[in-house]
Amino acid sequence: MAGSGQGRRPVVALYERIADALRDGTYPPGSTLPSEPRLAGELGVSRPALREALLLLQEDGLVTVRRGVGRTVNAHPPRRGFERLRPLEDLLGASAPLRVREVLRTSEEPTDFTTQHLLAPAGAELPFWESVLVGEAGTAVLSQEWAAAWPVLDRAHPAFADALRASPRPAGGKAPTDREAPTGQATPPAHQEASSARPSARPGAVSMLAVLTSASRGVPLAAHSSVTATLLGRRRGGQLGRPADTPAVLVTQVVRVGDTPVLAAKHMLPTGAPALPVVQSG
């Protein structure tokens, strides 16, 4: 037992009882926990108390909830998470695979966000990818990713620039330019196009971060992220099939090669999205 339960909050003590049962094989990895009424009866607790403990177990990665299946015992609790630079589809899909569906593969002129995080000059052309990550229960995450301007990529990370140029593009996606941004008519902002774009289910589609990490063997990358509580809003809610007032977590991510930012992203995780594990030490 992890502890006697004395001095613990009741929900924590109940959490430990269930966690101990998972560890000793009473409920082995891959098995489905009994229904709430049955499990509450076995443990001699109320269903509301049980729900609170099960929620903590889910948040800590010991069990996974799947629609139509129930609560499944995970084989291994998450050990490393967002502190390690990995594509979001791999990180969130550790327990249940996620597919990348392309919404947009285009380019756009700098916005306030990309000017701040990618130091993009006015008039530059930035590769822009918008995707949704889809799991068994439906659309889970909206991801928007921008790369630095082509001249910056060619100088700071040519392998990433070449990989982006070679990436397959869905029908209607704008092909990247070879070098500097062209002069003339500006690319329409991606947010104006996305409302009418239909996600593509092209097999093997990946995120921009997946392209970057794959092209970075031998190239040291560093990243920092911030996490903010927000609401989906109408447009993003429509893309995810959720109400506009759905609570969500917005993760902003910037990846650098040395002192040069090469990728900036916004990841929108609404209520019910897969857990984003983060390991901390002090």
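Owing to the predicted nature of the structure, the values given are computational and were not obtained by experimental measurement. (Residues numbered from 1 in each chain as written. Predicted model: local features only at pLDDT ≥ 70, side-chain atom pairs only at ≥ 80, totals over all residues. Heavy atoms only, no water.)

Novice: I tried to follow the packing of aromatic side chains on my own but got confused; where do I start?
Specialist: To describe a pair of aromatic rings, one takes the distance between the centres and the angle between the planes. The tally for this structure, following the rule as stated, stands at 2 aromatic pairs. Both rings, one in Phe-113 and one in Trp-146, keep their centres 5.1 Å apart while their planes meet at 50°; by these two values the pair is tilted. Of this pair, Phe-113 sits in helix α5 (residues 112-118) while Trp-146 is found in strand β5 (residues 138-147), placing the two residues 33 residues apart along the sequence. Residue class for Phe-113 comes out buried when judged on its relative accessible area of 12%. Aromatic pair Phe-128 and Trp-146: ring centres 4.9 Å apart, planes at 40°, arrangement tilted. You can see Phe-128 sitting in strand β4 (residues 126-135) and its partner Trp-146 sitting in strand β5, a full 18 residues away along the chain. (Phe/Tyr/Trp six-rings, centres within 6.5 Å; stacked < 30°, edge-to-face > 60°. Helix = DSSP H or I, 4+ residues; strand = E, 2+ residues; numbered from the N terminus. Buried < 20%, exposed > 50% of the residue type's maximum accessible area, 1.4 Å probe, protein only.)

Novice: Explain unusual backbone geometry here, please?
Specialist: In most cases, non-glycine residues show a negative phi, while peptide bonds are predominantly trans. Even without being a glycine, Leu-119 presents a positive backbone phi close to 55°. For Leu-119, the position within the fold is in the loop between α5 and β4.

Novice: Help me understand the side chain of Gln-239, please; the structure alone is not making it clear to me.
Specialist: Structurally, Gln-239 can be placed in helix α10 (residues 233-240). Accessibility expressed as a relative area gives 17% for Gln-239, which makes it buried. Engagement of the side chain of Gln-239 in a polar contact is seen with the side chain of Glu-130, the distance being 3.4 Å. (Polar contact = N/O pair within 3.5 Å; in protein donor to acceptor, adjacent residues only side chain to side chain.)

Novice: Would you mind going over the confidence of the model for the protein chain with me for this structure?
Specialist: Fine structural detail should not be taken from predicted coordinates in areas where pLDDT scores are low. Confidence along the protein chain averages 81 in pLDDT terms, with 78% of residues attaining 70 or more. With pLDDT under 50 throughout, residues 1-7 is counted as low confidence; its partners more than four residues away or in other chains account for 6 contacts. Across residues 177-198, where pLDDT falls below 50, the model places 41 contacts with residues more than four positions away in sequence or in other chains. (pLDDT = per-residue confidence, 0-100. Contact = heavy atoms within 4.5 Å.)

Novice: Where do I start with empty space enclosed by the protein in this structure?
Specialist: One way to see where empty space is left: roll a probe the size of a water molecule over the atoms. Summed over the entire model, instances satisfying the criterion amount to 2 cavities of 30 Å³ or more. Volume-wise, the second largest cavity comes out at about 50 Å³. Sorting the residues of the lining of the second largest cavity by element identifies β5 and β8 (260-270) as the ones contributing at least two each. Its residues assigned to classes, the lining of the second largest cavity comprises 3 nonpolar, 2 polar and 2 charged. (1 Å grid on protein atoms, 1.4 Å probe; cavity = no way out; pocket = protein on both sides within 12 Å on 5 of 7 lines; lining within 4 Å. Points joined across faces, edges and corners; volume = space filled by probe spheres on them. Nonpolar A, V, L, I, M, F, W, Y, C, P; charged D, E, K, R; others polar.)

Novice: I'm lost on the pattern of salt bridges in this one. Help?
Specialist: Any two side chains of opposite charge can pair, given that their charged atoms come close. Counted under the stated rule, the structure contains 9 salt bridges. A salt bridge links Glu-102 to Arg-105, with the shortest nitrogen-to-oxygen separation between them at 3.9 Å. With a relative accessible area of 1%, Arg-105 lands in the buried category. Arg-165 serves as the salt-bridge partner of Asp-162, at 3.6 Å between the closest nitrogen and oxygen. One end of the pair, Asp-162, and the other, Arg-165, are both in helix α7 (residues 158-166), 3 residues apart, so they sit about a helical turn from each other. The exposure class of Arg-165 is buried, given its relative accessible area of 19%. Where salt bridges share partners, they join Glu-36, Arg-47, Arg-51 and Arg-71 into one cluster. (Salt bridge = Lys/Arg side-chain N within 4 Å of Asp/Glu carboxyl O.)

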